[in-house]
Amino acid sequence: MTVYNYLIKWIVAYRTINCFVVQTWFVPDEYWQTLEPAHKLAFGYITVGIPSTFFTSLIPISKGVKMCTSNLIILYVCALYVIAHSFIAHKEFRFVLPLIPLMSIYGGFYLTQIRNKRNLAFMILFISITNIPLALFTSLLHQRGTLTVMDVLRREASENHNLEMNIWFLMPCHSTPFYSHLHRPVEMRFLTCEPNLNNITNYTSESDLFHKYPEIWIQLEMRNIRPTHLVLYENMYHRLEAILTEKGYTKCRKIFHTFFPISKRQSRWIVIACKEMLCYK
């Protein structure tokens, strides 16, 4: 019972620390769906999804599987799970996450069978060194700008008592959180990317249309409505800077996002452009 008490306390402590440490945003569909276009059947999960999700933990897990040849029911369940999801066109990394606690049982079994303390210490150190720094980097630095920008906007909305704020996120769809992080009754809009459910010929989503012809899109969409704030990546801001300046917008805030942009539509910095009279002091 004592072991279980320690385990429960450790889990609670870990989850509590995790809530305060994680400062990045990983949910955007465009990140998860990178597997979809080019991967069919099990190709995406076996060659990309599982290695990316388990990383170096695959070493003790694979060794544990070899040692548990008489008890592979968990492996069979996980294999069936992967096969079933491989026939679904919509593939995402997060669909593999439920396999981690199940397959980690084999990894834990392997570690308990290592009798040499040096070998055990080396394996634990190896897994820690290859995972902890990466976890800290992706949790604290990588792609943190999309959360920071929501904090900035929320503070401004609070200070101005939500007065006539209208925010447009001119970024790939679902790049940022929305009302779940802003918690203010202000108008907001993001570029949509719905699938072509109506089988429209030469269909182009709003997000793709904007990134193909941003100058035309801005001119058309701002004929009748002028948002107070525009949130966009720095590379797009530079492309539209002349038009935005003409319409009375200026750069209010530049926020660090990532060291390694994952697509051409992103950049290292996020810019908040707002009407000159609303610009931050």
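Per an unreviewed UniProt entry, the recorded name for the chain is Mannosyltransferase, and the organism is Trichinella spiralis. According to UniProt, the comment filed for the chain under the heading Sequence similarities (unreviewed entry) is "Belongs to the glycosyltransferase 22 family." The Subcellular location (unreviewed entry) comment attached to the chain in UniProt states, word for word, "Endoplasmic reticulum membrane".

Before going further, it helps to examine the environment of Ile272. Structurally, Ile272 can be placed in strand 5 (residues 269–275). For Ile272, a relative accessible area of 0% puts it in the buried group. The spatial distance from the C-alpha of Ile272 to the C-alpha of Ile167 is 9.7 Å, given a sequence separation of 105 residues.

Let us look at helix 6 (residues 99–112). Its 14 residues give helix 6 an end-to-end C-alpha distance of 20 Å, which sits within 8% of 20 Å, the value for a rise of 1.5 Å per residue. Every buried residue belonging to helix 6 is among Leu99, Met103, Tyr106, Gly107 and Tyr110, and all of these are buried.

Within this numbering scheme, the UniProt entry marks residues 42–61, 73–89, 95–112 and 119–141 as carrying the feature "transmembrane region" (unreviewed entry). End C-alpha to end C-alpha, residues 95–112 measures 29 Å, and it is 78% helix and 0% strand. For the annotated span residues 119–141, helix accounts for 96% and strand for 0% of the residues, and the straight-line distance between the end C-alpha atoms is 33 Å.

Taken in spatial order, the 5 strands of this open sheet run 2-1-3-5-4, and their pairing is mixed. Looking along the sheet, the strands with just one partner apiece sit at the ends: strand 2 (187–190) and strand 4 (249–256). Across the sheet, the mean angle from the axis of one strand to that of its neighbour is 20°, orientation sign disregarded. As judged from the 3 bridges shared by strand 1 (residues 166–169) and strand 3 (residues 229–233), these two strands associate in the parallel manner. Counterpart to Trp168 in the pairing with strand 3 is Leu230. Here helix 12 (residues 234–246) sits on the sheet and contacts strand 3, strand 4 and strand 5; the angle it forms with strand 3, its principal contact strand, is near 140°.

Let us look at the packing of helix 5 (residues 73–86) against helix 6. Viewed as axis vectors pointing N to C, helix 5 and helix 6 meet at an angle of 150°, and their least axial separation amounts to 9 Å. Between helix 5 and helix 6, the angle falls in the class roughly antiparallel. Handedness of the helix 5/helix 6 crossing: left-handed. The residues of helix 6 that touch helix 5, namely those facing Ile73, Ile74, Leu75, Cys78, Tyr81 and Val82, are Leu99, Leu102, Met103, Ile105 and Tyr106.

Each value, and the rule that gives it
- Residues numbered from 1 in each chain as written.
- Predicted model: local features only at pLDDT ≥ 70, side-chain atom pairs only at ≥ 80, totals over all residues.
- Heavy atoms only, no water.
- UniProt positions renumbered as here; feature names shortened; annotations may be inferred.
- Helix = DSSP H or I, 4+ residues; strand = E, 2+ residues; numbered from the N terminus.
- Buried < 20%, exposed > 50% of the residue type's maximum accessible area, 1.4 Å probe, protein only.
- Expected span 1.5 Å × (residues − 1).
- Pairing = 2+ DSSP bridges.
- Axes fitted to C-alpha atoms, helices over the stretch in contact; angles between N-to-C directions.
- Contact = heavy atoms within 4.5 Å.
- Parallel < 35°, antiparallel > 145°, perpendicular 65-115°, else oblique.
- Left-handed = near helix turned anticlockwise from the far one by under 90°.

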